[in-house]
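What follows is each chain in one-letter form.
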Amino acid sequence: RGIDQILARHERDVVDDDLPAISIDDKSVVEGNAGTTDATFTVTLSAATSRTVTVNYATGNGSAVAPGDYLATSGTFTLAPGTTSGTIAVSVVGDTIVEGNETFTVTLSAPANAALGTAVATGIITNDDVAPSTLTIADVTVTEGNAGTVNAAFNVTLTPASAAPVSVTFAT
């Protein structure tokens with residue numbers, strides 16, 4: 001009986017270092033102007049196994065923020081025995097705002113029957129909006145004095161406003 005207890009205690013401490021690695025790849029998607037478009041992340045297993053593999057996943061904000069830029073999601077991803085890949089879809093929200101490209105993450109955690117490989121993927125939301133803005137400069141009139149200098153202040157207007165930085169080169 002004593003040896004059985006020792007063996008039982010050691011069996012639960014054994015780590016299977018021959019587990020396949022589960023990883024997730026980065027994904028880039030064009031945002032679109034309305035509705036949602038799926039960013040489909042590929043999850044791969046380094047080798048087939050006779051066991052069912054599961055792993056938890058969850059999205060996280062980067063420069064893209066849920067729910068305005070993408071729809072947060074989480075759950076458990078499952079690969080059937082013998083299967084080495086599958087996908088996780090994250091909905092990206094389309095808009096017409098001129099902005100830079102934005103990012104969010106999908107993180108894998110707590111795998112069963114696999115070890116973590118690449119556990120964090122970056123989703124890149126590629127902006128497809130072009131600024132239809134018009135830049136106008138108003139005329140200015142100044143009264144010339146008898147001495148010194150007089151500054152002329154020109155009003156510059158961007159219509160419509162842009163969410164992204166705008167720069168202009170000028171000379172006098």
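The structure presented is a predicted model; accordingly, all values stated were derived computationally and were not measured.

Some details on the sheet that holds strand β1 (residues 21-24)
And step 1. Taken in spatial order, the 4 strands of this open sheet run β6-β3-β1-β8, and their pairing is mixed. Each edge of the open sheet is held by one strand with a lone partner, namely β6 (85-93) and β8 (115-116).
And step 2. As judged from the 3 bridges shared by β1 and strand β3 (residues 36-45), these two strands associate in the antiparallel manner. Considered in β3, the bridge of I22 is made with L45.

Considerations on a nonpolar patch on the surface
And step 1. A cluster of nonpolar residues, L135, I137, V140, V142, V150, F154, V156, V166, V168 and F170, forms a patch on the protein surface that exposes about 930 Å² of accessible area.
And step 2. As for its position among the elements, F170 is in the segment after β11 (156-159).

A few points about the environment of D139
And step 1. With respect to the secondary-structure elements, D139 resides in the loop between β10 (134-137) and β11.
And step 2. Residue D139 is classed as exposed on the basis of its relative accessible area, which comes to 79%.
And step 3. Between the alpha carbons of D139 and V156 there is a distance of 9.8 Å; along the sequence they are 17 residues apart.

Calculation rules
- Residues numbered from 1 in each chain as written.
- Predicted model: local features only at pLDDT ≥ 70, side-chain atom pairs only at ≥ 80, totals over all residues.
- Heavy atoms only, no water.
- Pairing = 2+ DSSP bridges.
- Helix = DSSP H or I, 4+ residues; strand = E, 2+ residues; numbered from the N terminus.
- Patch = residues over 30% accessible without salt bridge, like charges linked within 9 Å, V, L, I, M, F, W, Y side chains within 5 Å.
- Areas by Shrake-Rupley, 256 points an atom, 1.4 Å probe, with all protein chains shown as cover.
- Salt bridge = Lys/Arg side-chain N within 4 Å of Asp/Glu carboxyl O.
- Buried < 20%, exposed > 50% of the residue type's maximum accessible area, 1.4 Å probe, protein only.

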